[in-house]
Amino acid sequence: MNKKTVEALETILVRVEKIDQELLKEDIIKDIKLMTELNKERSNLEDKANKYKEYKNVLRDFEDAKEILVNEKDNDMKELAKMQLEEAQVQMEKLEEELDVLLLPKDPNDDKNVIFEIRGAAGGDEANIFAGDLFRMYVKYAEKNNWKIEVLDQYESSAGGFSQISFMVKGEGVYSKMKFESGSHRVQRVPKTESKGRIQTSTSTVAVLPEVSDVEVEIKNADLRIDTYRASGAGGQHINTTDSAVRITHIPTGIVSSSQDGRSQHDNKDKAMTMLRARIYESMLEKQQSEAASLRKNAVGTGARSEKIRTYNYAQNRVTDHRINLSLNKLDQFMEGNIDEIITELINDAQKQLIADQIENAN
């Protein structure tokens, strides 16, 4: 473990001990706000501190075993010390890897809810049908994680699926798992609309946007144009008799959002504003990244909708994530929301890249 890492971890240990002392003081106990802040800070540092304490204990065992090997004359004792040394070495390497991950800078959006936008892209009706399949896959995955789904806006396709659907996913750590789903998803299969049984390639695009507050993205009322219109269901059916649907245009950027699935015009306006803030935030991030590409350098891609990230091959029951060169021959299970295996590998790959970047910057 390098000197800078040790210094950082020692600082964390000292800070945790300091917080523990502070939390015992009577004047702090009476200050609810300060108590909450200190407990939150301690909670953020606790895993790192405990893991480092574990590492120091193993390091102590390692040094003791080395000393015995050098000074002990009894062969049996030396053999025991050698075994202890080897065991401690393996434990230390494992703990160092875990500490490297714990010390990575946290994505400030990781704990946020997300807004998904799925669109049928190349492939006509089949692309829209696949967009519907992706929506159902994410709904099932959300259910497995006890997350809640709220549809914000949808445009159903006459052949099935959606030309576009936007929905919110609410729960613990949603963005941390879902942020790598942004991009172009390619499907290879015989379409339901194909009578001759020929395999067709189609694509649907996915965008995953963190939910942002009005504090994070300030939008002036004067910069908005708000239009209302009558909501319609699939294929223009079930037309409402009131102008409950809402379309909001952010004039400075030209970004537009709309909602027609709410219970009222007020509800639709709130949903459209939620999407608008997320899209403006995304636009701001893209601008920052284009100005300084190294800010978000990562091995799993940029998350741009145009970037092909995954192929779903139904004939071979195979799903392939191109960013990490991982193929699984269980597409049937994957489409039932069992996507954790690829999600975990994407997270691990991103963490490895961040660790490599830190080592490179340190040198």
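Residues numbered from 1 in each chain as written. Predicted model: local features only at pLDDT ≥ 70, side-chain atom pairs only at ≥ 80, totals over all residues. Heavy atoms only, no water.

> So what's going on with the pairing of strand E7 (residues 245-250)? Residues and values would help.
Most of E7 is tucked away: five of the six residues are buried. Pairing of E7 with strand E8 (residues 255-259), which is carried by five bridges, proceeds in the antiparallel orientation. Each bridged residue has a counterpart across the sheet, and for arginine 247 the counterpart in E8 is serine 258. Once E7 ends, the chain turns through four residues before running back antiparallel as E8, passing glycine 254 with a positive phi of about 80°. (Buried < 20%, exposed > 50% of the residue type's maximum accessible area, 1.4 Å probe, protein only. Helix = DSSP H or I, 4+ residues; strand = E, 2+ residues; numbered from the N terminus. Pairing = 2+ DSSP bridges.)

> Quick one: what's the story with a nonpolar patch on the surface, residue by residue and with numbers?
The grouping of Met77, Leu80 and Met83 at the surface amounts to a nonpolar patch, some 300 Å² of accessible area in total. If you trace the backbone, methionine 77 turns up in helix H4 (residues 75-102). (Patch = residues over 30% accessible without salt bridge, like charges linked within 9 Å, V, L, I, M, F, W, Y side chains within 5 Å. Areas by Shrake-Rupley, 256 points an atom, 1.4 Å probe, with all protein chains shown as cover. Salt bridge = Lys/Arg side-chain N within 4 Å of Asp/Glu carboxyl O.)

> Would you mind going over the environment of arginine 310 in detail, with residue names and values included?
The residue arginine 310 is located in strand E9 (residues 308-313) in this model. Arginine 310 sits 126 residues away from serine 184 along the chain, and the two C-alpha atoms are 7.2 Å apart. Within the local environment of arginine 310, its side chain forms a polar contact with the side chain of tyrosine 312, the two groups lying 3.2 Å apart. (Polar contact = N/O pair within 3.5 Å; in protein donor to acceptor, adjacent residues only side chain to side chain.)

> Outline the side chain of arginine 279, listing residues and values.
You can see arginine 279 is positioned in helix H7 (residues 265-291). Among the residues examined, arginine 279 registers a relative accessible area of 11% and is labelled buried. Here glutamate 117 takes part through its side chain, which lies 2.4 Å from a polar atom of the side chain of arginine 279. Residues within four places of arginine 279 in sequence aside, it is in contact with Glu117, Arg119, Gln164, Ser166, Leu209, Ile255, Val256, Ser257 and Ser258. (Contact = heavy atoms within 4.5 Å.)

> I'd like to hear about the environment of isoleucine 355, residue by residue, with values.
Following the sequence through the fold, isoleucine 355 ends up in helix H9 (residues 340-362). For the pair isoleucine 355 and valine 101, spaced 254 residues apart in sequence, the C-alpha separation works out to 7.5 Å. Excluding residues that lie within four positions of it along the chain, isoleucine 355 makes contacts with Asp100, Val101 and Leu104.

> Let's hear about the environment of glutamate 63: which residues, and what values?
Relative to the elements of secondary structure, glutamate 63 occurs in helix H3 (residues 32-71). Considered as a pair, glutamate 63 and leucine 85 are 22 residues apart in the sequence and their alpha carbons are 8.1 Å apart.

> Can you break down H4 residue by residue, with the values?
In an α-helix, one turn spans 3.6 residues, which is why side chains three or four residues apart end up on the same side. Compared with the 40 Å implied by 1.5 Å per residue over 28 residues, the 40 Å span of H4 between its first and last C-alpha is a close match. Taken as a whole, H4 has its buried residues at Ala81, Leu85, Ala88, Met92, Leu95 and Leu99. Residues of H4 that are buried make contact with helix H1 (3-22) and H3. By the N-cap criterion, in which a side-chain oxygen at the helix start approaches the backbone nitrogen of a residue two or three places on, H4 is capped by aspartate 74, the distance to aspartate 76 being 3.1 Å. (Expected span 1.5 Å × (residues − 1).)

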